Amino acid sequence: MGDFYRRTRSTIEAAWTRPRFAGFTSAQSAMSRVIRDGLREHRAAADVIATLTRLQNAAADAAAREEIPS
(Lines give C-alpha, C1' and ligand atoms only; values in the text may rest on other atoms or scores of the structure.)
Protein backbone atom coordinates (compact mmCIF):
# COMPACT_ATOMS: atom_id res chain seq x y z
CA MET A 1 0.00 0.00 0.00
CA GLY A 2 3.01 2.30 0.33
CA ASP A 3 2.96 3.17 -3.40
CA PHE A 4 -0.80 3.30 -3.82
CA TYR A 5 -1.10 7.06 -4.30
CA ARG A 6 2.00 7.33 -6.43
CA ARG A 7 0.82 4.52 -8.72
CA THR A 8 -2.67 5.94 -9.13
CA ARG A 9 -1.71 9.60 -9.43
CA SER A 10 -1.83 9.68 -13.25
CA THR A 11 -5.27 8.06 -13.21
CA ILE A 12 -6.56 10.55 -10.67
CA GLU A 13 -5.09 13.51 -12.54
CA ALA A 14 -6.56 12.33 -15.86
CA ALA A 15 -9.97 11.46 -14.42
CA TRP A 16 -12.99 13.55 -15.35
CA THR A 17 -14.97 14.79 -12.41
CA ARG A 18 -18.17 16.72 -12.40
CA PRO A 19 -17.91 20.42 -11.77
CA ARG A 20 -17.74 21.39 -8.15
CA PHE A 21 -19.30 24.78 -7.61
CA ALA A 22 -22.23 26.10 -5.64
CA GLY A 23 -25.43 25.52 -7.56
CA PHE A 24 -24.20 22.68 -9.75
CA THR A 25 -26.45 20.08 -8.12
CA SER A 26 -29.59 22.03 -8.99
CA ALA A 27 -28.23 22.72 -12.48
CA GLN A 28 -27.53 19.00 -12.88
CA SER A 29 -31.14 18.23 -11.94
CA ALA A 30 -32.39 20.72 -14.52
CA MET A 31 -30.06 19.27 -17.16
CA SER A 32 -31.32 15.76 -16.36
CA ARG A 33 -34.88 16.94 -17.01
CA VAL A 34 -33.78 18.42 -20.35
CA ILE A 35 -32.24 15.12 -21.42
CA ARG A 36 -35.23 13.07 -20.23
CA ASP A 37 -37.72 15.40 -21.93
CA GLY A 38 -35.61 15.57 -25.06
CA LEU A 39 -35.61 11.80 -25.38
CA ARG A 40 -39.30 11.52 -24.63
CA GLU A 41 -40.20 14.27 -27.13
CA HIS A 42 -37.69 13.15 -29.79
CA ARG A 43 -36.01 16.57 -29.79
CA ALA A 44 -33.01 17.18 -32.03
CA ALA A 45 -29.73 16.43 -30.27
CA ALA A 46 -28.36 19.86 -31.21
CA ASP A 47 -31.29 21.54 -29.44
CA VAL A 48 -30.82 19.44 -26.31
CA ILE A 49 -27.07 20.13 -26.27
CA ALA A 50 -27.65 23.87 -26.75
CA THR A 51 -30.02 23.90 -23.78
CA LEU A 52 -27.59 21.89 -21.65
CA THR A 53 -24.78 24.27 -22.55
CA ARG A 54 -26.91 27.28 -21.67
CA LEU A 55 -27.85 25.80 -18.28
CA GLN A 56 -24.25 24.83 -17.50
CA ASN A 57 -22.94 28.27 -18.45
CA ALA A 58 -25.64 30.06 -16.44
CA ALA A 59 -24.85 27.96 -13.36
CA ALA A 60 -21.09 28.50 -13.70
CA ASP A 61 -21.54 32.24 -14.27
CA ALA A 62 -23.83 32.51 -11.24
CA ALA A 63 -21.33 30.59 -9.10
CA ALA A 64 -18.54 32.91 -10.25
CA ARG A 65 -20.66 35.86 -9.12
CA GLU A 66 -21.66 33.86 -6.03
CA GLU A 67 -25.31 33.89 -7.10
CA ILE A 68 -27.05 30.55 -7.22
CA PRO A 69 -29.82 30.32 -9.84
CA SER A 70 -33.14 28.95 -8.65
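What comes next is a walk through the structure. Counting restarts for each chain: residues are numbered from 1 in the order of the written sequence. For this predicted model, a pLDDT threshold of at least 70 governs which residues receive local features, and a threshold of 80 or more governs which side-chain atom pairs are given and counted, while totals over whole chains, interfaces and linings are taken from all residues. As a convention, hydrogens and water are excluded, and side-chain values are obtained from all of the structure's heavy atoms.

Secondary structure summary: the protein chain contains three helices and zero strands in total. Numbering of helices and strands runs from the N terminus, with a helix taken as a DSSP run of H or I at least four residues long and a strand as a DSSP run of E at least two residues long. In the protein chain, the succession of α and β elements from N to C terminus is α-α-α. Taken over C-alpha atoms, the radius of gyration comes to 17 Å for the protein chain, far larger than the 11 Å a tight globule of 70 residues would show. For the protein chain, the proportion of its 70 residues judged to be buried stands at 19%. Across the protein chain, every contact between residues at least 6 apart in sequence was considered, and the portion connecting residues at least 24 apart equals 47%. Note on areas: these come from Shrake-Rupley sampling with a 1.4 Å probe, and a residue is covered only by the protein chains present in the view. Total accessible area computed for the protein chain in this model is approximately 5,800 Å², and 55% of it derives from carbon and sulfur atoms. Neither His nor the chain termini are counted; the positive set is Lys and Arg, and the negative set is Asp and Glu. A charge is said to be at NZ when it belongs to Lys, at CZ for Arg, at CG for Asp and at CD for Glu. If the 11 positive side-chain charges of the protein chain are averaged to one point and the 8 negative ones to another, these points end up 6 Å apart. The reference for a compact globule is 2.2 Å times residues^0.38; the radius of gyration itself is calculated from the C-alpha atoms. Each residue's exposure class comes from its accessible area (1.4 Å probe, protein chains only) as a fraction of the maximum for that residue type: buried when under 20%, exposed when over 50%, partly exposed otherwise. Two residues qualify as a contact provided that any one of their heavy atoms is within 4.5 Å of a heavy atom in the partner residue.

One side-chain nitrogen of Lys or Arg within 4 Å of one carboxyl oxygen of Asp or Glu is enough to make a salt bridge. Enumeration according to the criterion identifies one salt bridge in this entry. Linking Arg-40 and Asp-37 is a salt bridge whose minimum nitrogen-to-oxygen distance equals 3.2 Å. Of this pair, Arg-40 and Asp-37 both sit in helix 2 (residues 24-40), three residues apart, which is roughly one turn of the helix.

This part takes up the nonpolar core. By nonpolar core is meant a set of buried Ala, Val, Leu, Ile, Met, Phe, Trp, Tyr and Cys residues that side-chain atoms within 4.5 Å join together. Counting residues in hydrophobic clusters, the biggest one holds seven residues: Phe-24, Ala-27, Met-31, Val-34, Val-48, Leu-52 and Ala-59. For this core, the elements supplying multiple residues, two or more each, are helix 2 and helix 3 (45-64). Among the elements that make up this core, the one with the highest residue count is helix 2 (four residues). Setting aside its immediate chain neighbours within four residues, Val-48 contacts Val-34, Ile-35, Gly-38 and Arg-43.

Attention shifts here to unusual backbone geometry. Phi at His-42 is positive, roughly 55°, even though this residue is not glycine. Here His-42 lies in the loop between helix 2 and helix 3.

Glancing now at the packing of helix 2 against helix 3. Axis angles are defined between N-to-C directions and span 0 to 180 degrees, where every axis is a line fitted to C-alpha atoms and, for a helix, only to the segment in contact. Orientation of helix 2 relative to helix 3, taken along the N-to-C sense of each, is 170°, at an axis distance of 10 Å. Classified by the interaxial angle, the pair formed by helix 2 and helix 3 is roughly antiparallel. Contacts between helix 2 and helix 3 involve Phe-24, Ala-27, Ala-30, Met-31, Val-34, Ile-35 and Gly-38 on the former and, on the latter, Val-48, Thr-51, Leu-52, Leu-55, Gln-56 and Ala-59. Gly is placed with the polar residues, together with every amino acid not listed as nonpolar (Ala, Val, Leu, Ile, Met, Phe, Trp, Tyr, Cys and Pro) or charged (Asp, Glu, Lys and Arg). By residue class, the composition of the contact of helix 2 with helix 3 is ten nonpolar, three polar and no charged. For classification purposes, angles smaller than 35 degrees are called roughly parallel, those larger than 145 roughly antiparallel, those between 65 and 115 roughly perpendicular, and all remaining angles oblique.

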